[in-house]
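Architecture and fold: a report
Residue-level listing of the chains:
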Amino acid sequence: MRIIFHLVTAALLALAVVTIAVVDDARWEAPTLLFWFVVVAAALCVVSSLWLARLAHRLDQLELAIVAAFFLAGSLLPLVHGLTVPGVLYGDNAVTSTSLCLAIPVGALAALFVAHGPGVWRRRFAVCGVGVATLSVALLANPQTSFYPQPGSAAGVVYALATFATTVWFGWRHVRLAVIAERPQPLAVAMGYLLLGASALVFLGASTWSPYFWIAHGLDVIGVFLATIGGLVVYWRHGSISNVLGPITAIAPRQAFEVGLSPVVHRFVADLEAKDPITRDHVVRTGALAVDVALELGLGPEEIRTCGLVGLLHDVGKLEIPDEILQKPGRLTDEEFEVMRGHAEAGGRLVRTSPVVAHLAPAIQGHHERIDGGGYPEGLEGDAIPLAARVVSTCDSYDAMAFTRHYRQGMDGAKVRSILTEHAGAQWDQTVVDALLAVIEHRGDDAVWALDATGRMSSTDLADEDNPVCGCLPESVEV
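Residues numbered from 1 in each chain as written. Predicted model: local features only at pLDDT ≥ 70, side-chain atom pairs only at ≥ 80, totals over all residues. Heavy atoms only, no water.

Looking now at the packing of helix α12 (residues 277-296) against helix α13 (residues 301-313). At a minimum axis separation of 7 Å, α12 and α13 run at an interaxial angle of 160°. Relative to α13, the element α12 lies roughly antiparallel. For α12 against α13, the interelement crossing comes out right-handed. Packed against α12, whose contacting residues are Val 283, Val 284, Thr 286, Gly 287, Ala 290, Val 291, Ala 294 and Leu 295, the element α13 presents Ile 304, Cys 307, Gly 308, Gly 311 and Leu 312 at the interface. The residue makeup of the contact of α12 with α13, split by class, is nine nonpolar, four polar and no charged. (Axes fitted to C-alpha atoms, helices over the stretch in contact; angles between N-to-C directions. Helix = DSSP H or I, 4+ residues; strand = E, 2+ residues; numbered from the N terminus. Parallel < 35°, antiparallel > 145°, perpendicular 65-115°, else oblique. Left-handed = near helix turned anticlockwise from the far one by under 90°. Contact = heavy atoms within 4.5 Å. Nonpolar A, V, L, I, M, F, W, Y, C, P; charged D, E, K, R; others polar.)

Spelled out as structure tokens, the structure:
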């Protein structure tokens, strides 16, 4: 699936370059045809984008809302482009090109705005919809608004390539879904992004009414329909949208993990929520990070899913830990610490009660083993520790150090990285630590976070290393 995506990306870029270079002098001037084609197609694309948004609302699917926000802007602004085609409703104007130029950048901004408000994405989507609609009306009312580079100019080439790269990035997210879930359905959305992005390559230098000018309009329409109608129908008909998105942690890991998992996983997570919301938030973050680290390691789809699920369920054994120990605000006594250590074996025992997740038991039980053999409960060493346990152990420790718990403040990002590096090869798998550090660098996780009384994330101070409530920091980081 990755190869298909790369080949289509290269083919679309080659199509634009070759067509513009070889047959750009050909002309087919038909403004009335262009008007009706774009207006009708763009209006239908607006409807399909809103339909996708409706389904996102119904299923509480942030990922679908991100797609809908992107393509709603990628439909409304092309509708303006069609309505202002010179020679039909409007005379010569600048908005025809301006609206086309703005479509993808505005769509990308709208998608990112929705994506980074997981708890309020519906409200953000509404804001985006109103904003794009207002912009569209403003452009129609001011047809001489000029904000676009000349095709073929240096600015035009930079714009075309940067815009195409943006759609490649958005499309790649859905390729990752296809690979991890071992299902081809998300490729429809990925291809939709690519085709829409290829329409912007007209700014490489295509002349008005030239072959690529017409091709670009066709690619725009097909792209939007493929990403909205096509992707929607495939996901929905096969009933696989939740199965595909469930274990994936694209932007909002909490929402992604909570949708589409088996009832037994839902039950475990709900029980953790009821017993200790801080632990529940911790396992969701750990599962999200485990997926990213597994991807960085180049693991196969099944291994990636396993790492994510083990991360999500690794602390399920804490359901058997008494509340007065689990939620104790101060340091644990030696006796209490021994009780706390029992959560690893308890977790393995709990998941073995369900055939659905029983295969995860060895990794869940082993998430506190150490590479040097000094961990628990079995003192396993090196490769004897399941790979998913090694991945989750590292991610678990990172989250334990970086985020504030009820017994201590979260550490500074540089301090956490230093500890991980220092103890790689002893407490944690060196290869996994390297992958985690790469993921942190990609994410830009230099901020230090804490959970305040409302459950929201906020900045915090350097951790108190003198409170070894669950082991010793930094020699042994445990949660």
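Now for unusual backbone geometry. The omega torsion of the bond from Tyr 376 to Pro 377 falls at 10°, within 30 degrees of zero and hence cis. We note that Trp 209 has phi near 75°; this positive angle belongs to a residue other than glycine. Here Trp 209 shows up in the loop between α7 (186-199) and α8 (211-237).

On to the layout of surface pockets. Which parts of space are left empty comes out when a probe the size of a water molecule is rolled across the atoms. Here the second largest pocket is characterised by a volume of approximately 410 Å³. What lines the second largest pocket is a set of 20 residues, among which His 81, Thr 96, Ser 97, Thr 208 and Phe 213 lie closest to the centre. Considered class by class, the residues forming the lining of the second largest pocket number 13 nonpolar, seven polar and no charged. (1 Å grid on protein atoms, 1.4 Å probe; cavity = no way out; pocket = protein on both sides within 12 Å on 5 of 7 lines; lining within 4 Å. Points joined across faces, edges and corners; volume = space filled by probe spheres on them.)

So, on to the pattern of salt bridges. Here the structure, examined in full by the defined rule, presents seven salt bridges. Among the salt bridges present, the one from Arg 341 reaches Glu 338, with a minimum N-O distance of 3.8 Å. Taken as a pair, Arg 341 and Glu 338 lie in helix α15 (residues 334-341) at a separation of three residues, close to a single helical turn. Note on Arg 341: relative accessible area 26%, which makes it partly exposed. Between Asp 383 and Arg 390 there is a salt bridge, and its shortest N-O distance comes to 3.6 Å. (Salt bridge = Lys/Arg side-chain N within 4 Å of Asp/Glu carboxyl O. Buried < 20%, exposed > 50% of the residue type's maximum accessible area, 1.4 Å probe, protein only.)

Turning to the nonpolar core, a few remarks are in order. Counting residues in each nonpolar core, the largest one holds 66 residues, and the members touching the most others are Phe 70, Phe 71, Val 114, Leu 201 and Tyr 212. Elements supplying a minimum of two residues to this core: α1 (2-23), α2 (31-59), α3 (62-83), α4 (95-115), α5 (121-141), α6 (154-181), α7 and α8. Broken down by element, the residue count for this core peaks at 14 residues, all from α3. Apart from residues lying up to four places away in sequence, Phe 70 is in contact with Ile 104, Gly 107, Ala 108, Ala 111, Thr 167, Phe 170, Tyr 193 and Leu 196. Ranked by size, the runner-up nonpolar core spans 44 residues in total, among them Phe 268, Leu 289, Leu 420 and Val 432. (Core = buried A, V, L, I, M, F, W, Y, C linked by side-chain atoms within 4.5 Å.)

Before going further, it helps to spend a moment on helix α16 (residues 343-351). In terms of residue burial, α16 counts as a mostly covered element, since seven of its nine residues are buried. For α16, the complete set of buried residues consists of His 343, Ala 344, Ala 346, Gly 347, Gly 348, Leu 350 and Val 351.

Moving on: the confidence of the model for the chain. Mean pLDDT over the chain: 81, with 80% of residues reaching 70 or higher. Segment residues 237-260: pLDDT under 50, and 66 contacts once partners within four positions in sequence are set aside and those in other chains are kept. (pLDDT = per-residue confidence, 0-100.)

Our next topic: the packing of α13 against helix α18 (residues 387-402). Interaxial distance between α13 and α18 falls to 9 Å at its minimum, and their mutual angle equals 50°. The angle between α13 and α18 places the two elements in the oblique class. Once α13 is placed against α18, the crossing between them reads as right-handed. For the pair α13 and α18, contact is made by Glu 303, Thr 306, Cys 307, Val 310 and Gly 311 and by Leu 387, Ala 388, Val 391 and Val 392, respectively. Residue classes in the contact of α13 with α18 are distributed as six nonpolar, two polar and one charged.

Once that is clear, we can look at a nonpolar patch on the surface. A surface patch of nonpolar side chains, about 220 Å² in accessible area, is lined by Leu 13, Val 17 and Leu 161. For Val 17, the position within the fold is in helix α1. Since its relative accessible area comes to 44%, Val 17 is described here as partly exposed. (Patch = residues over 30% accessible without salt bridge, like charges linked within 9 Å, V, L, I, M, F, W, Y side chains within 5 Å. Areas by Shrake-Rupley, 256 points an atom, 1.4 Å probe, with all protein chains shown as cover.)

This structure, assessed with the given rule, holds zero disulfides. Of the cysteine sulfurs around Cys 307, a residue in no disulfide, the closest is that of Cys 395, at 8.0 Å. Residue Cys 307 is classed as buried on the basis of its relative accessible area of 2%. (Disulfide = S-S within 2.5 Å.)

All right, on to the packing of aromatic side chains then. Summed over the entire model, instances satisfying the criterion amount to 13 aromatic pairs. With a centroid separation of 5.1 Å and 85° between ring planes, the pair formed by Phe 35 and Trp 36 is classed as edge-to-face. In this structure Phe 35 comes out as buried when scored by relative accessible area, which is 5%. By way of ring pairs, the aromatic residues Phe 70, Phe 71, Trp 169, Phe 170 and Tyr 193 are connected into one cluster. Here the basic side chain of Arg 124 rests over the ring of Phe 113, its NZ or CZ set 4.4 Å away from the ring centre. One Lys or Arg, Arg 341, reaches over the ring of Tyr 376 and ends 4.0 Å from the middle of that ring. (Phe/Tyr/Trp six-rings, centres within 6.5 Å; stacked < 30°, edge-to-face > 60°. Lys NZ or Arg CZ within 6 Å of the ring centre and 35° of its normal.)

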